[in-house]
Amino acid sequence: MPRLAQVFASRDRAYFQLFDEAGQNLLLASDLLDRMLRNYPDSKGLAHEILICEHEGDRITHDIIDRLNHTFVTPIDREDILALASALDDIVDYTEEVADYLGLYKIEAPMDQAIKLAHVLLSASRQVAEAIPRLSGFHDISNYTVEVNRLENEGDRITREAVASLFDNGIDPMVVIRWKDLFERLEAAIDATERVANILEGIVIKNS
């Protein structure tokens, strides 16, 4: 006999559809940032497209919360829906902040570590976006979560090296502050992908 959660899941696909939308949106945002940093400064215009993704992420989060406020029975626990929606939105928010800071701080050329971190973020976002569609059937996603965890560790390593390099090369203190902010936002975005992966894994385990 199917579990009660699976019965409810089959009756309300809207949450899963919204999560799928959020996954594709964050993947697009991270892809745009990856392209922006690889081709900077010629690619400055991509910041506006990333801002559009941020607005779309806000719209999806609002739709999820609005649906929660108007439905009594949900396919998965309400706290899990809120946690997942928030963590997915965080990825896009941090991604947009990086793009915005590049302009605000008048960055002339990206550091190599920033390009590497943006690519790590893109890879982790792809894993998240591919894992999300499996949520509706509560299928095993451990191969995705393991890879996201590996990428998060790689991001931590690159960030440590990047920050250390800022203090090793006698760079102007204001430049150090600006790049430290950028590295921290990139790391936060990558950390948010791991948070999403952990939430997804928890939901699957709880409902399997």
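Residues numbered from 1 in each chain as written. Predicted model: local features only at pLDDT ≥ 70, side-chain atom pairs only at ≥ 80, totals over all residues. Heavy atoms only, no water.

A. Geometry of the side chain of glutamine 113. Relative to the helices and strands, glutamine 113 is located in helix H5 (residues 112-131). Residue classification places glutamine 113 among the buried positions, given a relative accessible area of 17%. A polar atom in the side chain of glutamine 113 sits 3.4 Å from the side chain of serine 165. Not counting the four nearest positions on each side in its chain, glutamine 113 is found in contact with Ile158, Glu161, Ala162, Ser165 and Phe183. (Helix = DSSP H or I, 4+ residues; strand = E, 2+ residues; numbered from the N terminus. Buried < 20%, exposed > 50% of the residue type's maximum accessible area, 1.4 Å probe, protein only. Polar contact = N/O pair within 3.5 Å; in protein donor to acceptor, adjacent residues only side chain to side chain. Contact = heavy atoms within 4.5 Å.)

B. Looking closely at H5. Compared with the 28 Å implied by 1.5 Å per residue over 20 residues, the 29 Å span of H5 between its first and last C-alpha is a close match. By the criterion of burial, H5 is predominantly enclosed, with 14 of the 20 residues buried. (Expected span 1.5 Å × (residues − 1).)

C. Looking closely at helix H6 (residues 142-168). For H6, which comprises 27 residues, the first-to-last C-alpha distance of 39 Å matches the rise-based estimate of 39 Å (1.5 Å per residue) to within 8%. Listed as buried for H6 are Tyr144, Thr145, Val148, Leu151, Glu152, Gly155, Asp156, Ile158, Thr159, Ala162, Ser165 and Leu166. Where H6 is buried, its residues touch H5 and helix H7 (173-207). Looking one or two residues beyond H6, the residue adopting positive phi is glycine 170, at roughly 60 degrees.

D. Here's a closer look at the nonpolar core. Counting 64 residues, the largest nonpolar core has Phe19, Leu33, Leu84 and Leu88 as its most contacted members. Looking at this core, the elements with two or more residues in it are helix H2 (14-38), helix H3 (46-70), helix H4 (78-104), H5, H6 and H7. Considering each element in turn, this core owes the most residues, 14 residues, to H7. Dropping the residues within four chain positions of it, leucine 84 is found in contact with Phe19, Leu135, Val196, Ile199, Leu200 and Ile203. (Core = buried A, V, L, I, M, F, W, Y, C linked by side-chain atoms within 4.5 Å.)

E. Local environment of the packing of H2 against H3. Closest axis-to-axis distance for the H2/H3 pair is 9 Å, and the angle between their directions is 165 degrees. The angle between the axes of H2 and H3 places the two elements in the roughly antiparallel class. Seen along the crossing, H2 lies across H3 with a hand that is left-handed. The residue inventory of the contact of H2 with H3, partitioned by class, reads 17 nonpolar, two polar and seven charged. (Axes fitted to C-alpha atoms, helices over the stretch in contact; angles between N-to-C directions. Parallel < 35°, antiparallel > 145°, perpendicular 65-115°, else oblique. Left-handed = near helix turned anticlockwise from the far one by under 90°. Nonpolar A, V, L, I, M, F, W, Y, C, P; charged D, E, K, R; others polar.)

F. Inspection of the packing of aromatic side chains at higher detail. A full pass over the atoms with the stated rule returns three aromatic pairs. Its end group placed over the ring of tyrosine 15, arginine 67 keeps NZ or CZ at 5.7 Å from the ring centre. (Phe/Tyr/Trp six-rings, centres within 6.5 Å; stacked < 30°, edge-to-face > 60°. Lys NZ or Arg CZ within 6 Å of the ring centre and 35° of its normal.)

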